Amino acid sequence: MTSFSELFRSMWKPKGHIVNLMLFFYLLIVVISLIGQVIHGGMGDFSLLKASSGDFGLGVVTFIWLTVQTERDYVSDTYRLMPASEAKQYLAGLSTAFVAYLYFVAVRSLVMGVGLGLEWPRLSVELDQLRSNLTGLPHNWQMIAVFVALLVLLLMINAWVYVSLIHFILNTVSAFLPAGQQKVVKVVVAILVVAATIALSVWLGRLQYQLLHGASSTVNMWVDLVVALVTIVVTVTINICLMRKWVEAKY
Amino acid sequence: MTNAIEITDLSYRKNTKTILHDVNLQIVQGRVVGLLGENGAGKTTLMRLMADVAKGAKGTIAINQETDGTKRRGLISFTESLRGFRPGSKLSQIRDVYATVYPDFSAQKYIDLTTFLQIDDDLELNKLSRGTREKFIIALTLSRQAAVYLLDEPFNGIDSMSRKRIISSIIKWKADDATMLISDHYVTEIAALLDEVVIIKDHTVCTHKSSEEIRSQFGIGVEDFYESVYGGDIHDDEL
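For clarity, every value in this text was computed on a predicted model and none was experimentally measured.

Things to note about the domain arrangement of chain A
Residues and elements named next belong to chain A.
Next up, step 1: Considered domain by domain, chain A is made up of domain 1 (1-135) and domain 2 (138-251).
Next up, step 2: Here the C-alpha centre of domain 2 lies 22 Å away from the C-alpha centre of domain 1.
Next up, step 3: Each side of the interface is counted separately: domain 1 has 19 residues, and domain 2 has 21 residues.
Next up, step 4: A combined buried area of about 2,000 Å² lies between domain 1 and domain 2, and 72% of that area is made up of carbon and sulfur atoms.
Next up, step 5: Summed over the shared surface of domain 1 and domain 2, the number is 0 salt bridges.
Next up, step 6: Applying the counting criterion to the domain 1 and domain 2 interface returns 8 residue pairs in polar contact (both at pLDDT 80 or more).
Next up, step 7: Looking at the side of domain 1 that touches domain 2, its residues break down into 11 nonpolar, 3 polar and 5 charged.

What to know about empty space enclosed by the protein
Next up, step 1: Summed over all chains, the structure comprises 2 cavities of 30 Å³ or more.
Next up, step 2: Considering only enclosed or pocket space, the largest cavity measures out at about 60 Å³ in volume.
Next up, step 3: If you go around the largest cavity, the residues you meet are L81 of chain A together with R73, I76, S77, F78, E80, Y98, Y102, T141 and R144 of chain B.
Next up, step 4: At 3 residues, the largest contribution of residues to the lining of the largest cavity is made by strand β5 (residues 76-78) of chain B.
Next up, step 5: Its residues assigned to classes, the lining of the largest cavity shows 5 nonpolar, 2 polar and 3 charged.
Next up, step 6: What lines the second largest cavity is simply F116, L117, Q118, K135, S162, R165 and I166 of chain B.
Next up, step 7: For the lining of the second largest cavity, the element with the most residues is helix α6 (residues 160-169) of chain B, which contributes 3 residues.
Next up, step 8: By residue class, the composition of the lining of the second largest cavity is 3 nonpolar, 2 polar and 2 charged.

Quick word on unusual backbone geometry
Residue and element names in this part refer to chain B.
Next up, step 1: With phi around 55°, D22 is a residue other than glycine that occupies positive phi space.
Next up, step 2: Looking at the element boundaries, D22 is found in strand β2 (residues 17-28).
Next up, step 3: Relative accessible area serves as the criterion here: at 39%, D22 is assigned to the partly exposed category.
Next up, step 4: Notably, N64 is not glycine yet its phi reads approximately 50°, a positive angle.

What counts, and at which threshold
Residues numbered from 1 in each chain as written. Chains lettered and ligands numbered in written order. Predicted model: local features only at pLDDT ≥ 70, side-chain atom pairs only at ≥ 80, totals over all residues. Heavy atoms only, no water. Domains from an automatic or database assignment. Contact = heavy atoms within 4.5 Å. Buried area = accessible area lost by both parts, 1.4 Å probe. Salt bridge = Lys/Arg side-chain N within 4 Å of Asp/Glu carboxyl O. Polar contact = N/O pair within 3.5 Å; in protein donor to acceptor, adjacent residues only side chain to side chain. Nonpolar A, V, L, I, M, F, W, Y, C, P; charged D, E, K, R; others polar. 1 Å grid on protein atoms, 1.4 Å probe; cavity = no way out; pocket = protein on both sides within 12 Å on 5 of 7 lines; lining within 4 Å. Points joined across faces, edges and corners; volume = space filled by probe spheres on them. Helix = DSSP H or I, 4+ residues; strand = E, 2+ residues; numbered from the N terminus. Buried < 20%, exposed > 50% of the residue type's maximum accessible area, 1.4 Å probe, protein only.

Okay, structure coming up:
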């Protein structure tokens, strides 16, 4: 049987390629930005931090591309024929997407870190001034920062597992239900997706308000994280069951 | 003799359309079997169900007595289209993935096969002609020391000279106790290879006979037998 690490290595390759390509574009944009700075303002305006900290939409594109690749892998003969359980296959797909995205963020952070290091003498003065001007910062702001970072990671994984859930339901419905019933199920899925998106937006809005106004206790934050984690576990379990029983490889 | 493939009461429907119905089939270890049937008869579906990449069927499929899907996949080497790989992947990279994930992959067999089939594995997948791609798929599939080989139309796109060379040598690439199920439209060319023939018609196994039985019972070759079954010259009660 194929082990998890062997599956991970084989599923990593196309995703590593995607991230390397996106990082190439990122570095290209940074270099072009630096050249633009020098042309317009001379060497005095040279700022690696400014050139590297723009988002350029690359984060979103990388996320979507990794999602598409992961979903393709789940229904590809190449991976589904491998002698590993559906649970291992699913988790290898999910974890390679996660690690690939972290790799993308880490390289970007490294470039920004270098930019930050180069401009630290000036920035440290500005930060000191900013800190003395900020009086309304919640007392537990470090805890909130950790909470937000963890929540972003969990929401990212949640997004992937929800995309898989919808993909697997539609794959199953398309394969086994007659045309009329397919339409009904697809409409129901569309309504549920819209409802889930609205519910998530409302929840995030409420959370943002509570965090900014210091109205969220440590207990509440942990509860939110646990809810996000439990949601992932439940959805992953459903996805693995669907994959084992109904989701067919397509090509 | 142990059965390599044992299928019991297998039925499979897709979008309420019956693809396979009440399929029962036993194939003994070590045989080379032709799986014949017209387009859309369900040959590929049957292979995909055996390899556990098609789902939702009723009935049981056992490969070397294993009914669990994951274990079956470990015993079966199936010709796949390689569409899960990046088009720009080098063939050597694909070989490395196979060597990593299939414990029964033999590097020596791969070298022998690629040499025999004249494949340069420094090439990229998207640079291959259709025939070379098919040859590479055959090389990968046979490089595994599997219990059961499922070759689904493996010679499509391969020029007739290479096809004949591959067919005449295919037996030497499998172990004596390994079973090979070949679905192909070049019935005349593969006929000499086949120990047995399984014909799929009307969503089920219409007949399963040894090549010898066909010759002695009907006095015709495999291709004529296949055409007679489909053409109605041989009736169901004669099978």
